[in-house]
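# Structural features, examined
What follows is each chain in one-letter form.
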Amino acid sequence: MADAVKLNEVLRGLFPGTLGIELVEVGPERVRAKLRVDERLCTVPGVLHGGAIMAFADTLGAVATAQNLSNGDGTTTIESKTNFLAAGRAGTTIEGDCTPLHRGRRTMVWQTRVTGADGKLLALVTQTQAVLERARPPAELMSEREQEELLATLERAGGALYRNLATIATDAKAKDELLAAAEREDANAAALERLLGRKPR
């Protein structure tokens, strides 16, 4: 699949690529991958390290979560449970099949079945991914009308502040400039209030 090919390129220079993880299928409902069991991934000669299996499944869960995110949100693993059922053998290729148990707004839970070349279940991994919402600018958090109302209020407040400063200004030129600034703020506020359908103050 095109998404898998693209993501494999992204992961190639990162830890999943170092392990040799190769994504085969990537989608919001399912992520599949394979991993060639190299001797360097073994805990004793010929037997795949459990940490490699956990990292393999963790990668699939993170990729799966990412397929369900939008607007630049991110994810991180906050819990993972692994049941080891059989040994992965050097020289073979293991496969991982990751599917959702829960996809919420704040967290997602994924289950990854890790099987050997003969289809035997080697491990069952359940992990929880937190959804990390990106910081959103006020323009995305407020409606257009709310933005206009806030701006009108700020313009009115700005006009009042300029007038207060003008009352204590000792320099005549500075006082005139402050009053002119107050008038500009009031004019801006009036324009916004007209836009909002309110009678200007």
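Going along each chain's sequence as written, the residues are numbered from 1 onward. Where local features are concerned, this predicted model is filtered to residues with pLDDT of at least 70; where side-chain atom pairs are given and counted, the filter is 80 or more; whole-chain, interface and lining totals use all residues. With hydrogens and water excluded, all non-hydrogen atoms of the structure serve as input to the side-chain values.

Further remarks concern helix α3 (residues 50-66). Each full turn of the α-helix corresponds to 3.6 residues, which orients residues three or four apart in the same direction. Helix numbers and strand numbers start at the N terminus; a helix is a DSSP run of H or I with at least 4 residues, a strand a run of E with at least 2. Working rule for helices: expected span equals 1.5 Å times residues minus one. For α3, with 17 residues, the first-to-last C-alpha span of 24 Å sits near the 24 Å given by 1.5 Å per residue. Exposure categories follow from relative accessible area, calculated using a 1.4 Å probe and restricted to protein chains: below 20% of the type maximum is buried, above 50% is exposed, and the middle band is partly exposed. When we look at burial in α3, the residues that qualify are A52, I53, A55, F56, A57, T59, L60, G61, V63, A64 and T65.

By nonpolar core is meant a set of buried Ala, Val, Leu, Ile, Met, Phe, Trp, Tyr and Cys residues that side-chain atoms within 4.5 Å join together. Formed by 29 residues in total, the largest nonpolar core has its most connected members in L23, V31, L48, F56, I94 and V114. Of all the secondary-structure elements, those providing two or more residues to this core are α1 (2-11), β1 (21-26), β2 (31-36), α3, β6 (93-103), β7 (107-115) and β8 (121-132). Element by element, the count of residues in this core is highest for α3, at seven residues. In contact with L23, not counting residues within four places along its chain, are A4, L7, N8, L11, V31, R32, A33 and V63. The contact rule is simple, with two residues in contact once any of their heavy atoms fall within 4.5 Å.

Next up on the list: the pairing of β7. Should DSSP find at least two bridges between two strands, the strands are taken to pair. Bridging between β6 and β7 involves eight bridges; their strand directions are antiparallel. Bridging from a neighbouring strand, P100 pairs with W110 of β7. Where β6 folds back onto β7 in an antiparallel hairpin, the turn is made up of three residues. Strand direction decides the pairing type here: β7 and β8, joined by nine bridges, are antiparallel. Pairing of R113 across the sheet is with L124, part of β8.

With that out of the way, let us pick up the sheet that holds β8. Taken together, the six strands give an open sheet; going across it, the order is β1-β2-β6-β7-β8-β5, and neighbouring strands pair in antiparallel fashion. At either margin of the open sheet sits one strand with a lone partner, and together these are β1 and β5 (74-84). Averaged over all neighbouring strand pairs, the angle between strand axes comes to 25 degrees, with direction disregarded. Pairing of β2 with β6, which is carried by six bridges, proceeds in the antiparallel orientation. From the neighbouring strand, R32 faces β6, where its bridge partner is D97. Note on geometry: axes are C-alpha line fits, over the in-contact stretch for helices, and angles between N-to-C directions span 0 to 180 degrees.

If you check helix α6 (residues 172-195), its first and last C-alpha atoms are 35 Å apart, about what 24 residues at 1.5 Å a residue would give, namely 34 Å. Those residues of α6 that sit buried are L178, A181, A182, E185, D186, A189, A190, L192 and E193. Next to the buried residues of α6 lie α5 (144-168). Following α6 by one or two positions, G197 has its phi on the positive side, about 80 degrees.

As a further point, take the pattern of salt bridges. Throughout this description, the term salt bridge denotes a Lys or Arg side-chain nitrogen within 4 Å of a carboxyl oxygen of Asp or Glu. Counting across every chain of the model gives 11 salt bridges. For R106, the salt bridge goes to E133, with nearest N and O atoms at 3.6 Å. You can see R106 sitting in the loop between β6 and β7 and its partner E133 sitting in the loop between β8 and α4 (138-141), a full 27 residues away along the chain. Residue R106 is classed as partly exposed on the basis of its relative accessible area, which comes to 48%. Notably, a salt bridge pairs E149 with R145, separated by 3.2 Å at the nearest N-O pair. Linking E149 with R145, this pair stays in helix α5, spanning four residues, or about one helical turn. Residue class for E149 comes out partly exposed when judged on its relative accessible area of 29%. Among the charged side chains, a network of salt bridges with common partners joins R156, R163, D186 and E193.

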